[in-house]
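# Summary of structural features
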Amino acid sequence: LAGNSGRTAIQLCSDRGAGWRLPTQKELMQAYIDGSNYNLVAAGAFHWSATENSVTRAWFTPLSDGGTLNNLKGTAYQVRCVR
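Residues numbered from 1 in each chain as written. Predicted model: local features only at pLDDT ≥ 70, side-chain atom pairs only at ≥ 80, totals over all residues. Heavy atoms only, no water.

Right, let's talk about the pattern of salt bridges for a bit. Under the definition given, this model contains three salt bridges. A salt bridge links E27 to R21; its shortest N-O distance comes to 2.7 Å. Looking at E27, the relative accessible area reads 33%, which means it is partly exposed. The class for R21 is partly exposed, based on a relative accessible area of 35%. Of the charged contacts in the structure, one is a salt bridge between K73 and E52, with a shortest N-O distance of 2.4 Å. Of this pair, K73 sits in the segment after β3 (69-72) while E52 sits in strand β1 (residues 46-52), and the two are 21 residues apart along the sequence. Of the residues examined, E52 reaches a relative accessible area of 51% and is grouped as exposed. (Salt bridge = Lys/Arg side-chain N within 4 Å of Asp/Glu carboxyl O. Buried < 20%, exposed > 50% of the residue type's maximum accessible area, 1.4 Å probe, protein only. Helix = DSSP H or I, 4+ residues; strand = E, 2+ residues; numbered from the N terminus.)

Structure (C-alpha coordinates):
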(Lines give C-alpha, C1' and ligand atoms only; values in the text may rest on other atoms or scores of the structure.)
Protein backbone atom coordinates (compact mmCIF):
# COMPACT_ATOMS: atom_id res chain seq x y z
CA LEU A 1 0.00 0.00 0.00
CA ALA A 2 1.40 3.36 -0.99
CA GLY A 3 2.13 5.71 1.88
CA ASN A 4 1.45 3.07 4.53
CA SER A 5 4.86 3.24 6.25
CA GLY A 6 5.28 -0.50 5.69
CA ARG A 7 2.01 -1.41 7.46
CA THR A 8 -0.26 -4.13 6.11
CA ALA A 9 -3.94 -3.50 5.38
CA ILE A 10 -4.91 -5.46 8.51
CA GLN A 11 -2.47 -3.43 10.62
CA LEU A 12 -3.74 -0.13 9.20
CA CYS A 13 -7.26 -1.02 10.32
CA SER A 14 -6.23 -2.19 13.79
CA ASP A 15 -4.21 1.03 14.17
CA ARG A 16 -7.52 2.93 14.14
CA GLY A 17 -8.41 1.54 17.56
CA ALA A 18 -10.55 -1.04 19.29
CA GLY A 19 -12.97 -2.90 17.08
CA TRP A 20 -11.62 -1.70 13.71
CA ARG A 21 -10.75 -4.44 11.21
CA LEU A 22 -10.41 -5.19 7.53
CA PRO A 23 -13.68 -6.55 6.08
CA THR A 24 -13.90 -10.09 4.74
CA GLN A 25 -14.28 -10.87 1.07
CA LYS A 26 -17.97 -11.65 1.58
CA GLU A 27 -18.58 -8.38 3.45
CA LEU A 28 -17.13 -6.37 0.56
CA MET A 29 -19.24 -8.31 -1.94
CA GLN A 30 -22.31 -7.66 0.25
CA ALA A 31 -21.50 -3.93 0.27
CA TYR A 32 -21.75 -4.00 -3.51
CA ILE A 33 -25.01 -6.00 -3.47
CA ASP A 34 -26.56 -3.62 -0.90
CA GLY A 35 -25.44 -0.56 -2.84
CA SER A 36 -23.46 0.78 0.12
CA ASN A 37 -20.34 0.85 -2.04
CA TYR A 38 -21.58 4.17 -3.44
CA ASN A 39 -21.02 5.74 0.00
CA LEU A 40 -17.28 5.07 -0.25
CA VAL A 41 -14.57 7.38 -1.48
CA ALA A 42 -13.02 5.71 -4.56
CA ALA A 43 -15.87 3.20 -4.79
CA GLY A 44 -14.64 2.11 -8.21
CA ALA A 45 -11.20 1.17 -6.84
CA PHE A 46 -10.02 -2.25 -5.73
CA HIS A 47 -10.39 -2.82 -1.96
CA TRP A 48 -8.44 -5.39 0.05
CA SER A 49 -10.29 -7.95 2.14
CA ALA A 50 -9.04 -9.84 5.19
CA THR A 51 -9.64 -13.13 3.39
CA GLU A 52 -6.41 -14.83 2.36
CA ASN A 53 -5.99 -16.99 -0.72
CA SER A 54 -2.56 -18.27 0.37
CA VAL A 55 0.41 -17.17 2.45
CA THR A 56 1.37 -14.59 -0.21
CA ARG A 57 -2.02 -13.75 -1.75
CA ALA A 58 -5.30 -12.25 -0.52
CA TRP A 59 -8.70 -11.50 -2.05
CA PHE A 60 -9.74 -8.03 -3.17
CA THR A 61 -13.01 -6.69 -4.52
CA PRO A 62 -13.45 -4.15 -7.31
CA LEU A 63 -16.49 -2.39 -5.84
CA SER A 64 -17.46 -1.09 -9.27
CA ASP A 65 -18.77 -4.55 -10.18
CA GLY A 66 -18.75 -6.62 -6.95
CA GLY A 67 -16.42 -9.25 -8.34
CA THR A 68 -13.64 -10.83 -6.37
CA LEU A 69 -10.08 -11.64 -7.36
CA ASN A 70 -6.82 -12.37 -5.59
CA ASN A 71 -3.37 -10.84 -5.90
CA LEU A 72 -0.06 -10.57 -4.09
CA LYS A 73 -0.48 -9.00 -0.66
CA GLY A 74 2.09 -6.27 -1.43
CA THR A 75 -0.05 -4.80 -4.24
CA ALA A 76 -1.29 -1.25 -3.58
CA TYR A 77 -5.10 -1.25 -3.29
CA GLN A 78 -7.57 0.74 -1.18
CA VAL A 79 -8.29 -0.16 2.44
CA ARG A 80 -11.76 0.29 3.92
CA CYS A 81 -11.85 -0.46 7.63
CA VAL A 82 -15.06 -1.54 9.38
CA ARG A 83 -16.24 -2.18 12.93
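This part takes up the sheet that holds β3. The strands making up a sheet are joined through hydrogen bonds of the backbone, oriented either antiparallel or parallel. Read across the open sheet, the three strands follow the order β1-β2-β3; overall the sheet is antiparallel. Of all strands in the sheet, those with a lone pairing partner are β1 and β3, marking the two edges. Averaged over neighbouring strand pairs, the angle between their axes works out to 45° when direction is ignored. Sheet topology places strand β2 (residues 57-62) next to β3; four bridges connect them, and they run antiparallel. The residue of β3 that forms the bridge with F60 is L69. (Pairing = 2+ DSSP bridges. Axes fitted to C-alpha atoms, helices over the stretch in contact; angles between N-to-C directions.)

With that out of the way, let us pick up the nonpolar core. As a rule of thumb, soluble globular proteins bury nonpolar side chains together. With eight residues, the main nonpolar core is built from A9, C13, L22, W48, A58, F60, Y77 and C81. When contributions to this core are tallied by element, the ones reaching two or more residues are α1 (9-14) and β2. Residues within four places of F60 in sequence aside, it is in contact with F46, H47, W48, S49, G67, T68, L69, N70, N71 and Y77. (Core = buried A, V, L, I, M, F, W, Y, C linked by side-chain atoms within 4.5 Å. Contact = heavy atoms within 4.5 Å.)

Sheet topology places β1 next to β2; four bridges connect them, and they run antiparallel. Residue pairing for β2: E52 is matched across the bridge by A58. Linking β1 to β2, which pair antiparallel, is a turn of four residues.

Here we come to helix α2 (residues 25-34). Regarding α2, the residues found buried are Q25, L28 and A31. Buried residues of α2 fall within an arc of 125° about the axis and therefore sit on the same side. Along α2, exposed side chains directed more than 90 degrees from the buried face belong to K26, I33 and D34. Buried residues along α2 sit against β1 and β2. (Arc of directions from axis to C-beta.)

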